[in-house]
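Breakdown of the fold
Each chain, written out:
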Amino acid sequence: MRIHLISALVIASVIMCSAQVEKQKKFSVEKIINNMDSLRIAKMETGKGMFTPFIAPAYTPEMKFLISVGGLYTFKTQKDNPRLERSSIPISISYSTNNSFYGIVKLNMYGRNDRYRIVGEYALRSMPDHYWGVGYTNAKNKDKSDSTTLYHRDLNNVLARFLYRIGNDFFGGLFFEWSDTKASHMNDEMATDPYILEYGTNIKSTGIGGVFQYDSRDDMVTAYEGRLFDLGVTYYSRLLGATSEFWVFELEYRGFIPVSKTNHRATLAWKAKIRTTVGDTPWTELSELGNPSDFRGYYWGRYRDRSMLFGLLEYRHMFMRKHPNKKGSYESKHGVVTWAGMGSIGEKLNDFDHWLPNAGIGYRFEIQPRFNLRVDFGVGVKSKGFYFNFGEGF
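Attention here is on the structure that accompanies the text. (Residues numbered from 1 in each chain as written. Predicted model: local features only at pLDDT ≥ 70, side-chain atom pairs only at ≥ 80, totals over all residues. Heavy atoms only, no water.)

Quick look at the overall build of the chain
Looking only at helices and strands, the chain features four helices and 18 strands. Counting over 394 residues, the chain shows a buried share of 48%. For the chain, the accessible area works out to roughly 19500 Å², and carbon and sulfur atoms hold 63% of it. (Helix = DSSP H or I, 4+ residues; strand = E, 2+ residues; numbered from the N terminus. Buried < 20%, exposed > 50% of the residue type's maximum accessible area, 1.4 Å probe, protein only. Areas by Shrake-Rupley, 256 points an atom, 1.4 Å probe, with all protein chains shown as cover.)

Okay, structure coming up:
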């Protein structure tokens, strides 16, 4: 009896010790993570530059299964200004199972005392692509196949915005775009398309325009609160090297509202945008509904026409951690989002007769404070996509 009692006490002691060890291990791992977060935040508070690399798989309707490699570099243009947000340069290079290559680098820069801002992007694409023609009817009724929509596309594209603060939250500035598109290996249907016959398969677009903006957001990349009202007018001219002459008018409105008193990173966000073109607009510069930033899940370029309108509502939630880091923060690096929206295309602004739904869910991982790695799964009408990128969709 005594032997059994001693054995029971030994077993109980072993179990308790094991549980204590596991608890200590768990606490040690959490402590290490919290210390790393604290060191990372402390480094960023000094204004030093930081680079975070990444490699990840993804799937999109255009590229199929792909591998993306890249990184995020953040920095401050004014280290002695604690209120100035960090500027960022995300870069990624992707290669896919259908031999698609896609490289992109972006710039979101805050100038001294946030008196000016520079937003830029360079994209390079060489990939099999699909062209359904222009208008809702073609996009809806034409089957996607090698003999009806397939061609090869090579694209170089440069975008740049230079904004200067003209009031408390008001900005004005210039917009510039240069793009060069080459279409080859076209199917017979695409070769006889009216827009292809009129504008050709080697299209250059060079435009310059003006931008007026009201921006009360607390951050350009990952906003938790504030509003953005953006009006842009761009003129593309043969004098600048464009294939044809046309105008592009864009109006965009975004809003962000915190929805929790205990978690300021729980945000209700929305975006509404309208875009229309006037003049001899080539098929490459028409308004398109569906891309990795807004209508995620639709094939990029399937729904195109002179005019486009859409609205999105998105809920974003970043979780809280159980134990604070050395800074006393309970903010976790993990989060989720979900969104839903509607959009339409038409030749004119009063031709929005057919509406397309869009919805999806996503996961967020904060690789640097206020900079998330974005993984989204979006669905549309007979279409879906899985996206991997830096920053929020909007």
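Structural notes on the pairing of strand β16 (residues 356-368)
In the sheet, strand β15 (residues 331-346) pairs with β16 via ten bridges, with the strands oriented antiparallel. Each residue of the ladder has a partner; that of G341, found in β16, is N358. In this sheet, strand β17 (residues 371-380) lies alongside β16 in antiparallel orientation, the contact comprising nine bridges. Considered in β17, the bridge of I361 is made with F377. (Pairing = 2+ DSSP bridges.)

Quick word on the pattern of salt bridges
Applying the stated criterion to the full structure yields 23 salt bridges. Taking the shortest distance from any N to any O, the salt bridge between R364 and E392 comes out at 2.9 Å. Pair noted here: R364 is in strand β16 and E392 is in the segment after β18 (383-390), with a separation of 28 residues, a long-range link. Taken as a pair, R364 and E392 share a single burial class, namely buried. Counted as one network, the salt bridges with shared partners bring together R296, E314, R316, R364, R374, D376 and E392. (Salt bridge = Lys/Arg side-chain N within 4 Å of Asp/Glu carboxyl O.)

Looking at the pairing of strand β2 (residues 64-75)
In the sheet, strand β1 (residues 50-60) pairs with β2 via eleven bridges, with the strands oriented antiparallel. Bridge pairing in β2 links T60 to K64. Remark: three residues form the turn of the hairpin made by β1 and β2, two consecutive strands paired antiparallel. Of the strand pairs in this sheet, β2 and strand β3 (residues 87-96) are connected by ten bridges, and their pairing is antiparallel. Bridge pairing in β3 places L66 opposite S96.

Things to note about the side chain of R254
Mapped onto the secondary structure, R254 falls in strand β10 (residues 246-258). Note on R254: relative accessible area 15%, which makes it buried. A polar atom in the side chain of R254 sits 2.4 Å from the side chain of E252. Each residue touching R254, except ones within four places of it in the same chain, is listed here: R217, G226, R227, L228, W270, K271 and F394. (Polar contact = N/O pair within 3.5 Å; in protein donor to acceptor, adjacent residues only side chain to side chain. Contact = heavy atoms within 4.5 Å.)

Focus on the layout of surface pockets
Taken as a whole, the second largest pocket holds about 320 Å³ of empty space. As for the second largest pocket, its lining consists of 17 residues, and the residues nearest its centre are R83, D114, R117, R165 and R217. Here the residues of the lining of the second largest pocket are counted per class, giving three nonpolar, four polar and ten charged. (1 Å grid on protein atoms, 1.4 Å probe; cavity = no way out; pocket = protein on both sides within 12 Å on 5 of 7 lines; lining within 4 Å. Points joined across faces, edges and corners; volume = space filled by probe spheres on them. Nonpolar A, V, L, I, M, F, W, Y, C, P; charged D, E, K, R; others polar.)

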